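# Examining the three-dimensional arrangement
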Amino acid sequence: MEQLPAAEKHARISAELRADEPRRALARTVRGCSTAAADEAEFVRRMRRAGLLVRPRFADGRTDVVTGYSVATRPEAGERAIWYGGGHLARDLTLPRLRQAWPDTPAAATAAAGEWTAAKRNRRPVAPGRESAEVDPRLWELYATEVDVLRERLRSVPIHDRDTWAQVARDTAGAFAAWSNRVEAVPGPLAATADALAKSAQLRRQSVHPKASGKASVGGVAMLLASATMAGQGAIAQAAMLRQLVMLAQAVYAMHRASAEHHRAAHIRHVAERRLREVADRLPPVPAAPAHDDRAAEAARVAATGQVRARPIGSPVPNRIDPARRHQLAGHDKDRGPER
């Protein structure tokens, strides 16, 4: 078969990406909402709050058991909505997959069923939660510390543990997606980063009992970023948080590089080191921490310079990053999970 000239091939790929952007934009919105949500009911409310049309799929003969969902962007006047099932957005956005990270209790199931029904009937949310509340500023420091702990834990995760790495990629992609949904009028660096990491989250098969990977802490970050605004006193906290998230992204990059998955690694490195500079340049520098607190001082040094100290040989976490900073916020606490 005759090969296309490079320019023509690039133009064709660009056209295909543009044509697929509506689906990818929906996937980012759903991913951001799922990562920021502490439970399934909150997930439904966040999707509706983001302006999506939401339609549950009930089990045969039931009105209280939801087995799947579809979403659509609200159409312009005179147009029809185009619906996508969770599984058509991405493998990790099916309801069964999403549910793996949420509480599995009768009370949670009942609350979720109520919100799904309200969404289907276009009624008000049954029990609005933290998605409509003001965020506690102290949560920035709490979740930044938890993400730092997660990064340290990843140093001991072997590269062949794909379930854990996929979960880390999924959660980090969700945090970037939540931020993009909030502050990017058109897809930008945050959206590109979310899309790049989301590709690392797609597993054809997953363990029956997947390991926890720090989803609660990254989910808390997503919740905070989901309420970000374009400026304000939270910008410094966002600058520090963005550096933490970039380090998670580069840990995923290093895993792919160590696995000889060079194309995937190169894609993540491109968005982490180049596209996110656009975000970093719009955020203020992070002030230094008091010298008497060695741990805090080290965290501040990393945030200010983008460099972490040398690590033992064999660590999948890279020892350098170079991007990170941007906006302000609102919101509150906790986690997320899958469907079809």
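Calculation rules
- Residues numbered from 1 in each chain as written.
- Predicted model: local features only at pLDDT ≥ 70, side-chain atom pairs only at ≥ 80, totals over all residues.
- Heavy atoms only, no water.
- Helix = DSSP H or I, 4+ residues; strand = E, 2+ residues; numbered from the N terminus.
- Buried < 20%, exposed > 50% of the residue type's maximum accessible area, 1.4 Å probe, protein only.
- Contact = heavy atoms within 4.5 Å.
- Pairing = 2+ DSSP bridges.
- Axes fitted to C-alpha atoms, helices over the stretch in contact; angles between N-to-C directions.
- Parallel < 35°, antiparallel > 145°, perpendicular 65-115°, else oblique.
- Left-handed = near helix turned anticlockwise from the far one by under 90°.
- Salt bridge = Lys/Arg side-chain N within 4 Å of Asp/Glu carboxyl O.
- pLDDT = per-residue confidence, 0-100.
- Expected span 1.5 Å × (residues − 1).
- Bend = angle between axes of the 7 residues up to and from the residue.
- Nonpolar A, V, L, I, M, F, W, Y, C, P; charged D, E, K, R; others polar.
- Core = buried A, V, L, I, M, F, W, Y, C linked by side-chain atoms within 4.5 Å.
- Phe/Tyr/Trp six-rings, centres within 6.5 Å; stacked < 30°, edge-to-face > 60°.

## Overview of the environment of tryptophan 116
- Position of tryptophan 116 among the secondary structure elements: in helix H5 (residues 106-120).
- What makes tryptophan 116 buried here is its relative accessible area of 0%.
- Taking C-alpha positions, tryptophan 116 is 9.5 Å from valine 126, a pair spaced ten residues apart along the chain.
- Excluding its chain neighbours within four sequence positions, the residues that come into contact with tryptophan 116 are Glu40, Phe43, Val44, Met47, Val54, Pro56, Val66, Tyr69 and Leu95.

## Some points on the sheet that holds strand S3 (residues 84-85)
- Taken in spatial order, the three strands make up an open sheet running S1-S2-S3, and their pairing is antiparallel. Each edge of the sheet is formed by a strand with only one pairing partner; in this case those strands are strand S1 (52-58) and S3.
- Lying over the sheet, helix H2 (residues 40-49) contacts S1 and strand S2 (66-73), oriented at roughly 145° with respect to S1.
- Across the sheet, H5 lies against S1 and S2, angled at about 120° from S1, the strand it touches most.

## Some words on the pairing of S1
- Counted residue by residue, S1 has five buried out of seven residues, so it is predominantly covered.
- Summarising the sheet, S1 and S2 pair through seven bridges and their orientation is antiparallel. Note that in S2 the partner of leucine 52 across the bridge is threonine 73.

## Some thoughts on the packing of helix H8 (residues 189-199) against helix H11 (residues 262-280)
- For the pair H8 and H11, the least separation of the axes is 9 Å and the interaxial angle reads 160°. Regarding the angle of H8 to H11, the classification is roughly antiparallel. The handedness of the crossing between H8 and H11 comes out as left-handed. In this structure, H8 contributes Pro189, Leu190, Ala192, Thr193, Ala196, Leu197 and Lys199 to the contact, and H11 contributes Arg264, His267, Ile268, Val271, Arg275, Leu276, Glu278 and Val279.

## Quick look at the pattern of salt bridges
- The final tally for this structure, using the stated rule, is 18 salt bridges.
- A salt bridge links glutamate 40 to arginine 99; its shortest N-O distance comes to 2.8 Å. Taken together, the positions of glutamate 40 in helix H2 and arginine 99 in helix H4 (residues 95-99) put the pair 59 residues apart, joining distant regions of the chain.
- For glutamate 40, a relative accessible area of 11% gives the class buried.
- Taking relative accessible area as the criterion, arginine 99 reaches 31% and is therefore assigned partly exposed.
- Among the charged side chains, a network of salt bridges with common partners joins Glu21, Arg24, Arg28 and Asp195.

## Some words on the confidence of the model for the protein chain
- The predicted model of the protein chain has a mean per-residue pLDDT of 80, with 73% of residues at 70 or higher.
- Within the model, pLDDT remains below 50 along residues 290-340, and this stretch shows 222 contacts once partners closer than five positions in the same chain are excluded.

## Comments concerning H8
- The buried fraction of H8 amounts to ten of the eleven residues, a majority that puts the element mostly inside the structure.
- Of the residues making up H8, those classed as buried are Pro189, Leu190, Ala191, Ala192, Thr193, Ala194, Asp195, Ala196, Leu197 and Ala198.

## Description of unusual backbone geometry
- Positive phi, normally seen in glycine, also occurs at asparagine 122, with a value near 55°.
- By the secondary structure assignment, asparagine 122 is in the loop between H5 and helix H6 (138-154).
- Judged by its relative accessible area of 62%, asparagine 122 falls in the exposed class.
- Although it is not a glycine, alanine 260 sits at a positive phi angle of roughly 65°.

## Here we look at H11
- With 19 residues, H11 extends 26 Å from end C-alpha to end C-alpha; this agrees with the ideal 27 Å at 1.5 Å per step.
- The principal kink in H11, of about 30°, is found at valine 271.
- Every buried residue belonging to H11 is among Ala265, Ile268, Val271, Ala272, Glu273, Leu276, Val279 and Ala280, and all of these are buried.
- Buried residues along H11 sit against helix H7 (162-183), H8 and helix H10 (235-258).

## A short note on the packing of H2 against H5
- Viewed as axis vectors pointing N to C, H2 and H5 meet at an angle of 20°, and their least axial separation amounts to 7 Å. Here H2 lies roughly parallel to H5, going by the angle between them. The chirality of how H2 crosses H5 is left-handed. Contacts from Glu40, Ala41, Phe43, Val44, Arg45, Met47 and Arg48 of H2 reach H5 at Ala111, Ala112, Glu115, Trp116, Ala118 and Ala119.
- Residue composition of the contact of H2 with H5, grouped by class: nine nonpolar, no polar and four charged.

## Some remarks on the nonpolar core
- Ranked by size, the top nonpolar core spans 54 residues in total, and within it Leu154, Phe176, Trp179, Val221, Leu224 and Val252 carry the most contacts.
- For this core, the elements supplying multiple residues, two or more each, are H6, H7, H8, helix H9 (215-225), H10 and H11.
- The element contributing the most residues to this core is H10, with 13 residues.
- By size, the runner-up hydrophobic cluster in this structure holds 23 residues, among which are Val30, Val54, Trp102 and Ala112.

## Some details on the packing of aromatic side chains
- Counted under the stated rule, the structure contains four aromatic pairs.
- A ring pair is formed by phenylalanine 43 and tryptophan 116, whose centres lie 6.4 Å apart and whose planes are at 75°; its orientation type is edge-to-face. Linking phenylalanine 43 in helix H2 with tryptophan 116 in helix H5, this pair joins segments that are 73 residues apart in sequence. No difference in accessibility class separates phenylalanine 43 from tryptophan 116, as the two residues are buried.
- Here the aromatic residues Phe43, Tyr69, Trp102 and Trp116 are joined through ring pairs into a cluster of three or more.

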